[in-house]
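Read off the chains here:
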Amino acid sequence: MGILLFITVLLIAACGLIYELVAGTLASYLLGDSVLQFSTIIGCYLFAMGIGSALSRYIDRGLAYRFVWIELLLGVVGGFSSALLFLAFAYSQGFQFLMYALVIVIGVLVGLEIPLLMRIIRDRYHFRDVVAHVLTFDYLGALGASLLFPILLVPHLGLVRSAMLFGILNAGVALWSTWIFANQLARTAVLRGFCLVVLAALCTGLVEAKRITQAAEDNIYADEIIFARDTHYQHIVLTRFKDDIRLFLNSHLQFSSRDEYRYHEALIHPGLSAIAAPRRVLVLGGGDGLAVREILKYPQVESVTLVDLDPEMTRLFTTNPMLTGLNHQSFLSPKVHVINADAFPWVESNTDSFDFIVIDFPDPTNYSLGKLYTTAFYKAVARHLSEQGLMVVQSTSPMFARDSYWCIAETIKQAGMLINPYHVYVPSFGEWGFVLAGHHEYRTPTSLPPGLRFVNVKDMPALFQFPPDMAPMSMPPNRLNDQVLVHLYDQDWKDISH
Amino acid sequence: MGLAAKSEPQIAGGFVNESFTQGHLLRDRAAFAAANRVEKIPIVIVGGGIAGLSAAWRLHKSGFRDFVLLEMCDQAGGNSRWGENEITRYPWAAHYVPVPGRKAIYVRELFEDLGVLKDGKWDERYLCFTPQERLFLYGRWQEGIEPAIGLTRSDRDEFRRLEEQIGAFRATSRFTVPMEVGFSQESANLDRISFADWLSEHRMNSRVLRWYLNYCCRDDYGATLDQTSAWAGIQYFASREPEEKGPLTWPEGNGWIVQRLMERIGSFVRTGRMVHRIVQSGSGLKVYAGDAEYHADFVIYAAPTFLAPYLVEGMMPLKTFEYSPWLTANLTLDRLPKNYGSDPTWDSVFMDSPTLGYVDATHQTLRTHVDRTVWTFYWALAEGPASQNRRMLLSGNWGYWKDAILHDLERVHPDIRQCVSRMDLMRMGHAMARPSVGAVTSPERRSLAKLHGNLLFANSDLSGFSIFEEAQYRGVVAAEHALARVSGSKRG
Ligand SMILES: Cc1cc2nc3c(=O)[nH]c(=O)nc-3n(C[C@H](O)[C@H](O)[C@H](O)COP(=O)(O)OP(=O)(O)OC[C@H]3O[C@@H](n4cnc5c(N)ncnc54)[C@H](O)[C@@H]3O)c2cc1C
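### A closer look at the environment of Gln22(B)
All names here are of chain B. Residue placement: Gln-22 occurs in helix H1 (residues 20–27). According to the relative accessible area criterion, Gln-22 is partly exposed, its value standing at 26%. Residues contacting Gln-22, with those up to four places away along its chain left out, are Met-72 and Met-274.

### Some remarks on the site of the ligand
Residue and element names in this part refer to chain B. Surrounding the ligand, one finds 36 residues, the nearest of these being Glu-71, Asn-79, Ser-460, Ser-466 and Phe-468. The side chain of Ser-80 places a nitrogen or oxygen atom 2.9 Å from an oxygen atom of the ligand. Contact with the protein chains hides 95% of the accessible area of the ligand, taken as 990 Å² for the molecule alone. Elements that contribute at least two residues to the shell around the ligand include exactly helix H2 (50–61), strand S17 (323–333), strand S21 (420–433) and helix H15 (468–485). Class assignment for the residues of the shell around the ligand results in 22 nonpolar, 12 polar and two charged. Taken together, domain 1 (2–17 + 323–433) and domain 2 (20–80 + 252–319 + 436–485) each give at least three residues to the shell around the ligand, which thus spans both.

### With respect to the domain arrangement of chain A
Interface size is often expressed as the accessible area that is lost when the parts come together. Residue and element names in this part refer to chain A. Splitting chain A by domain gives domain 1 (2–210), domain 2 (218–254) and domain 3 (263–497). Across the boundary between the two partners, domain 1 contributes 12 residues, which contact eight residues of domain 2. A combined buried area of about 880 Å² lies between domain 1 and domain 2, and 54% of that area is made up of carbon and sulfur atoms. For the interface between domain 1 and domain 2, the tally reads zero salt bridges. Across the domain 1-domain 2 interface, the total number found is zero residue pairs in polar contact (both at pLDDT 80 or more). Those elements giving two or more residues to the side of domain 1 that touches domain 2 turn out to be helix H1 (2–31), helix H3 (63–91) and helix H5 (127–180). Partitioning the side of domain 1 that touches domain 2 into residue classes produces nine nonpolar, two polar and one charged.

### Here's the deal with the packing of aromatic side chains
Tallied over the entire structure, the rule returns 50 aromatic pairs over all chains. With centroids separated by 6.1 Å and ring planes inclined at 80°, the aromatic side chains of Phe67(A) and Phe181(A) adopt a geometry described as edge-to-face. Of this pair, Phe67(A) sits in helix H3 while Phe181(A) sits in the loop between H5 and helix H6 (188–212), and the two are 114 residues apart along the sequence. Of the two residues, Phe67(A) and Phe181(A), both sit in the buried class. Among the aromatic residues, those joined into a cluster by ring pairs are Phe159(B), Phe169(B), Phe175(B), Phe183(B), Phe195(B), Trp198(B), Tyr212(B), Tyr221(B), Trp231(B), Tyr236(B), Phe237(B) and Phe465(B). Between the NZ or CZ atom of Arg192(A) and the centre of the ring of Trp179(A), over which it lies, the distance is 3.9 Å.

### Some points on a nonpolar patch on the surface
On the surface, Leu140(A), Leu143(A), Leu147(A), Leu148(A), Ile151(A) and Leu152(A) cluster together to form a nonpolar patch covering roughly 550 Å² of accessible area. Looking at the element boundaries, Ile151(A) is found in helix H5.

### What to know about the interface of chain B and chain A
Opposite the 19 residues of chain B that make contact, chain A presents 22 residues. Taking both sides of the interface into account, the surface hidden between chain B and chain A amounts to around 1,800 Å²; carbon and sulfur atoms contribute 50%. Sorting the residues of chain B by area buried against chain A places Glu124(B), Leu366(B) and Thr368(B) first, and these three jointly supply 39% of that buried surface. The interface formed by chain B and chain A includes four salt bridges. Measuring nitrogen to oxygen at the nearest pair gives 3.9 Å for the salt bridge that ties Glu124(B) to Arg479(A). Counting across the chain B and chain A interface gives 18 residue pairs in polar contact (both at pLDDT 80 or more). A per-class count over the side of chain B that touches chain A returns five nonpolar, six polar and eight charged.

What counts as what
Residues numbered from 1 in each chain as written. Chains lettered and ligands numbered in written order. Predicted model: local features only at pLDDT ≥ 70, side-chain atom pairs only at ≥ 80, totals over all residues. Heavy atoms only, no water. Helix = DSSP H or I, 4+ residues; strand = E, 2+ residues; numbered from the N terminus. Buried < 20%, exposed > 50% of the residue type's maximum accessible area, 1.4 Å probe, protein only. Contact = heavy atoms within 4.5 Å. Near = heavy atom within 4 Å. Polar contact = N/O pair within 3.5 Å; in protein donor to acceptor, adjacent residues only side chain to side chain. Areas by Shrake-Rupley, 256 points an atom, 1.4 Å probe, with all protein chains shown as cover. Nonpolar A, V, L, I, M, F, W, Y, C, P; charged D, E, K, R; others polar. Domains from an automatic or database assignment. Buried area = accessible area lost by both parts, 1.4 Å probe. Salt bridge = Lys/Arg side-chain N within 4 Å of Asp/Glu carboxyl O. Phe/Tyr/Trp six-rings, centres within 6.5 Å; stacked < 30°, edge-to-face > 60°. Lys NZ or Arg CZ within 6 Å of the ring centre and 35° of its normal. Patch = residues over 30% accessible without salt bridge, like charges linked within 9 Å, V, L, I, M, F, W, Y side chains within 5 Å.

Here it is as structure tokens:
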């Protein structure tokens, strides 16, 4: 009997700590600044526990009955806390409010647990044993939880399911308490019925947890999904592993926060630094604001127009603290104008001229996207280039999709421009290619903005050298009425993924 | 029980652009109000289809301004009419022009004028985007309409032999677009047998090959293999050598060309004016339409030729002009049906269906994202006697035809009823000339096609079959003929 009681203590202590860790981890994943998140959450949580303990003195009757209910409530609130927070993050502006509210509710309930339990069992043992044992097992439970959480739970279960699992333990404690304290309880059958309902709900939650993050394709992502959303236009997924945040659009990797600086520095600086006095810049695609971050390193640039299809995407990268931490709040700059529109019709109807144009679209995986890689499109874009202007095109990998890369280069050439293909190594992508194009001969720049981590004056000419395994291939251009690129791209990637 | 198993979205719609009621007034020689004013004008064009509009374009381009075009409907365009809703513009009938070959000089000139052909290059935005066509067969889609899967060795052999035959005909240069350029009596014997018989003679009996050829004849002529002359069947294949992956097409189909033409000559076009009488008077002609009587030196008659005997005083009834009845539908889709692994194409055809499938009006959009669209569904009522099909076409109500179309689509898109919110139908009893055996070479047709006198026939049906290039060619040459003879002082 005794040992069972103390195992109960161990379990409820573990549950309490897990909920706190889940909240802290989630907050630092989604909001960034983990020191701030963890300290405020632990502070709130401990404070709420204090309130719980203080409140316990107002409970004088039906201690066991109330204990069972507290366990059940904890099971529900704690168990679903993580899922609720994910949903709040994806669908509402009230994430932080909900998070602190949940932490406080859980803290108060956990604060009530131990005092009540000690009072329930104080007649069975000497008081000093009760205190010693209960606190020992309480701390043991906390130790277990704090070790399990990073080693087993986060990597294998993820945050949503870890919380649910411990919710189940809380509800389990409630159920078995109806036997342990049977003599102090009336109508145990009804209580047990409630316990079973809560257990059933949590077990369903555990099994269906994937649906909550909306990522039925969970297993295609290596890391934990911290955000998933079907917008009108695409499926946006963010994953996180330690410091590495990755963005996937329709399951295609767009960047990894560890090495995106290589990609974006290479996308922007070889072109933009080569223009004498760039004032107006256009970005087509690039709704993550990372290219804009690089462009804003040029004080001469007076305006940046960004055209991206998906308003949810640009909103996310404007308002979410974790993501604005990556793009340095580039969308909030007064120089930046975000336009949510389909690029091709926009380019056709707009008449502005730009000194530098960045074309950063998803790869040509289908005929719809393929339209944005055609001679017709590049001709339409070229009409927006100022006399000395340059444009740069993300052009897939010259290594893994060599045919596709040189097809894009040929297409730009046939649209009537001089081309300068170059490439860069981005660890999470592999060897990646770009094409710079304009109406004049291009020379690599001799100075760059300060503070770049990858692109530098000395090594830049090397980016324009292609070793034999990526060397130019003779390819037909991609045209609206003859989209050879989509076939080539399909074939290129099939060849390497068998 | 009164309980519907699944609530099905309501589909709105009705018959639109009905013009046969007006045609029947002519046929029944109804009484028309007398004219109360006279307008003297050197050239009157009757009919604002492609032929009439092209005649006007040619007159205008030569600097000639003393003409009017009288069109029966409220909207010009005839078989190249188009419509528009909040999603897109869409065609009502003609929806493409094959990339014109070198011999179609007038069509090339037109497209240069419209900016479609620049420095010998076709503007990509007007060429049909990839992927162009697909065929649903054996429960799946394939790219392209010519069946490519499930062929036996002998099927392939027959396709190859036909290809060789066509190549030989092409080499004779007798099959051209427009047909007048190359037409020669030497190929007249091909007009004496049906395409079906010609195929049998050449031991081409493959079911798949015949399905395909039958589809082509239904699509271009509204006629089956047996209803099409061998000459016309061969003309379909031997007259073209595309220099570019096409065809030319626009969201509103050839309605795009109509709009560009109207931008140029719209001020000379009077719509809602049905010509009901044309009479020779002295050296000129009197044309009656609405409240006016036009006194013209030349009339370019670009309305369907079969109507002419009802309008032109003293004209003998025609014996060799046959027309195919057609039904077209425009379906508004509030969401796209599931695609089952195939990229949506411009044209989608179903094997062994009596219909011709559908064309997607938003295919030519430059947008990358489309979630609503309009499909134009085509149905040539070819099988069986045309008169009987015409009666059937007119007797079925909107609900009947709507369901018939949905049944056909459902084979391929099981969720189609959940997608469609509106379906408008257009019935055309005499939609297009049919090149039956003997039609192309008939003396009656050849004589009307020869421009003489002051009444110049220009409708595409004079070619024996109706396509854009024939209509444009006949309009242009009729205009040139009139221009050359109309008194010089009126030029400019
Ligand atoms: C369903 C369908 C699909 C087609 N698709 C294609 C295609 O994709 N590509 C292609 O090349 N061709 C297509 N065609 C063929 C089409 O007929 C030609 O392309 C072309 O539009 C014919 O032009 P037309 O001027 O010769 O005749 P019509 O278009 O028939 O023009 C005759 C005009 O005369 C008017 N009219 C009639 N009577 C009178 C009167 N008494 N007074 C005044 N006006 C009158 C009519 O209203 C009409 O506007 C299609 C035809 C049909 C029916």
